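Residues per chain, in single letters:
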2 protein chains.
Amino acid sequence: MPVSITFNVDADLLKQCAEILGEPVTVDREGSGDVKIVATKYAINSNTRLIQSIYASLDNLNLRDIPPQVKVCNNPGAFADSAAEQAFALILPAVKKIFYHNLRTHKRIFKKEPVQTLKNKTIGILGYGEVGSRIAKIARAFQMNVIAYTRTQKDDPNVDQFAASPARLIAQSDILVISLPLTNSTRGLINSDALNMFNGNLIVNISKAEVVNKADIYWYLKRLPEKIYATDVWWNEPAIVDDVPENCIFTPHEGSEVPGDFNEAVLNACRNARKFMDGVELNVIDPAEYYKVH
Amino acid sequence: MPVSITFNVDADLLKQCAEILGEPVTVDREGSGDVKIVATKYAINSNTRLIQSIYASLDNLNLRDIPPQVKVCNNPGAFADSAAEQAFALILPAVKKIFYHNLRTHKRIFKKEPVQTLKNKTIGILGYGEVGSRIAKIARAFQMNVIAYTRTQKDDPNVDQFAASPARLIAQSDILVISLPLTNSTRGLINSDALNMFNGNLIVNISKAEVVNKADIYWYLKRLPEKIYATDVWWNEPAIVDDVPENCIFTPHEGSEVPGDFNEAVLNACRNARKFMDGVELNVIDPAEYYKVH
């Protein structure tokens, strides 16, 4: 069963992919193989059996009009360790006011102020997939209380409680971390209603900007200067159309910029495609959930 | 056996102390009790049995001329959780260049750059007491390799290897964290020789500034602008006598500024003093190790 890879890979990585897949592999921007390992673009033809994304999220694919016989797989875990690290790289400076203190000390002002801890704070993890579970593990090491929301509740020693709804989670969280996929049901989920329920001071987004309603969070941050929105993602990346609010800590999608992570994601996508060809369907998603409805 | 507390405590905390100690307790700046719970000052008289610090470190006490019959106890674990959090609040922004990226995004520049991870990096923990062991636990959750140096090696599932000497530890570390007490043998330990052995890019100090030779690290940071010294402590706090190097991330001793930590440290000191009175000598130190030799 021919396999195509729809983005540039170097010869060494291509060789590793072919070894895993055990099939002829071509690098082909549209994807002419029956099985397509894809980043963004692909074409569907009558032989297409599988669209295998190298990303955990699928919102950058056009998933409309996929015939039912074509399966679509995501790649959970790709970049997940880095995303979880990025979450804490956003959380800790916010909680500890590192920018503020560092600026003052560089002006030679040494002034202690009461500081917050992560210990005993409640972190609410909205979306409990691979990224969420890695966040929970780290949060546990910081002695945080961990609550999570996921549609498919699971037993997890790192979670104290799975919330019955996003609203319940938001209302109970001191720190809210968004690690949801962007789907029809999560787009704009963090809107004014959700923000009004939130009693904590820090919202962290390491998934997709569009889970958050831009106008609503801008208004929220303007009205409540003590609240912080710390994010690794932005609406319409890479454009930054409006001024970034001061109480926003913002890194440019650095969670997926770890050298080596890309290759590992590609190889992992190939492993899942190999399983699919062997009749084991893992990580198959429903494209209808990801339709972009404008 | 009368107990005195040599710093201000409110009535409620005093009551809690008295309950733990089961003895009359007075608040008395010099400490007239046979057992003295101390922060900085105390006087020794002929009845003095125990000097119990509320801090893990003792370098702020004048420990000279302590008669051999007077025991001195430190308070390991006091502020340790907060210090370990502060370590990662210094590590993550440095490794992830959060200041740099945040400044750029606020200028509306969205530009990804390769980012480093903690995962698979080696953290060297110099001084493996209560703070060090908490750091190791968090480092493990970040999937780091953990090496440590301590004079009293211990079995610890969070440590991959105990180094035979500080030099061995320094040479093997990607990130070096200083969590040593300040004693005669640790004062100035991080000098030019030590810095020359270090192949990593980040040194973090959450213990005492004077473990690091100031002139040597200033020269090191000036000569090697890619290296970062991230510290919560400074020489001669609160004075900042010289300009702070640009490649220094510096918070003003925030690791011990957590509301509630102070009271918990006092109560823990009282618990240890109670054990002492019951004949169980825990956390007794050798004052000679802490003499300030100028």
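Structure: above.
Residues numbered from 1 in each chain as written. Chains lettered and ligands numbered in written order. Predicted model: local features only at pLDDT ≥ 70, side-chain atom pairs only at ≥ 80, totals over all residues. Heavy atoms only, no water.

Time to look at the overall build of chain A. Within chain A, the regular secondary structure consists of eight helices and 13 strands. Relative to the 2.2 N^0.38 estimate, which gives 19 Å for 294 residues, the radius of gyration of chain A is 21 Å and therefore close to what a compact globule would have. Summarising its shape, the C-alpha atoms of chain A cover approximately 65 × 40 × 40 Å along the three principal directions. Expressed as a percentage of the 294 residues in chain A, the buried residues total 55%. Once local pairs closer than 6 in sequence are excluded, the contacts in chain A between residues at least 24 apart make up 56%. Computing the positive centroid from 32 side-chain charges and the negative centroid from 34, chain A places the two 7 Å apart. (Helix = DSSP H or I, 4+ residues; strand = E, 2+ residues; numbered from the N terminus. Rg over C-alpha atoms; globule rule 2.2 N^0.38 Å. Buried < 20%, exposed > 50% of the residue type's maximum accessible area, 1.4 Å probe, protein only. Contact = heavy atoms within 4.5 Å. Lys, Arg positive; Asp, Glu negative; His and termini not counted. Charge placed at Lys NZ, Arg CZ, Asp CG, Glu CD.)

Time to look at the pairing of strand 4 (residues 50–53) of chain A. Residue and element names in this part refer to chain A. Of the two faces of strand 4, the one holding Leu50 and Gln52 and the one holding Ile51 and Ser53 are both buried throughout. In terms of strand pairing, strand 3 (residues 35–38) meets strand 4 through four bridges, oriented parallel. Looking at strand 4, one finds that Val35 is bridged to Leu50. Note: strand 4 against strand 5 (residues 71–73), three bridges, orientation parallel. Bridge pairing in strand 5 places Leu50 opposite Lys71. (Pairing = 2+ DSSP bridges.)

Once chain B is rotated about the relating axis by 180° and shifted along it by 0.0 Å, it coincides with chain A to within an RMSD of 0.0 Å. Look at the turn and shift together and you get a two-fold axis relating the two. A shared binding surface is used by both copies, with 100% of the interface residues of chain B retained as interface residues in chain A. (Least-squares fit on C-alpha atoms with pLDDT ≥ 70 in both.)

Within the structure shown, the criterion is met by 30 salt bridges over all chains. The partner of Lys214 of chain A in a salt bridge is Asp242 of chain A, with the nearest N and O atoms 2.6 Å apart. Here Lys214 of chain A is found in helix 7 (residues 214–223), whereas its partner Asp242 of chain A is found in the loop between strand 11 (228–231) and strand 12 (248–250), with 28 residues between them in sequence. Given a relative accessible area of 34%, Asp242 of chain A falls into the partly exposed group. With a closest N to O distance of 3.0 Å, Lys71 of chain B and Glu281 of chain B form a salt bridge. With Lys71 of chain B in strand 5 (residues 71–73) and Glu281 of chain B in the loop between helix 8 (261–277) and strand 13 (284–285), this pair connects stretches of sequence that are 210 residues apart. Using a relative accessible area of 26% as the deciding quantity, one classes Lys71 of chain B as partly exposed. (Salt bridge = Lys/Arg side-chain N within 4 Å of Asp/Glu carboxyl O.)

With that settled, the discussion passes to the sheet that holds strand 9 (residues 175–178) of chain A. All names here are of chain A. Strand order across the open sheet formed by seven strands is 8-7-6-9-10-11-12, with parallel pairing between neighbours. If you trace the sheet from one side to the other, it starts and ends with strand 8 (161–162) and strand 12, each paired once. One ladder, built from four bridges, connects strand 10 (residues 202–205) with strand 11; its direction is parallel. Its bridge partner being in strand 11, Asn205 is matched across the sheet by Thr231. Its contacts with the sheet put helix 4 (residues 130–141) on strand 6 (122–126), strand 7 (145–149) and strand 9, and the angle it makes with strand 6 is roughly 170°. (Axes fitted to C-alpha atoms, helices over the stretch in contact; angles between N-to-C directions.)

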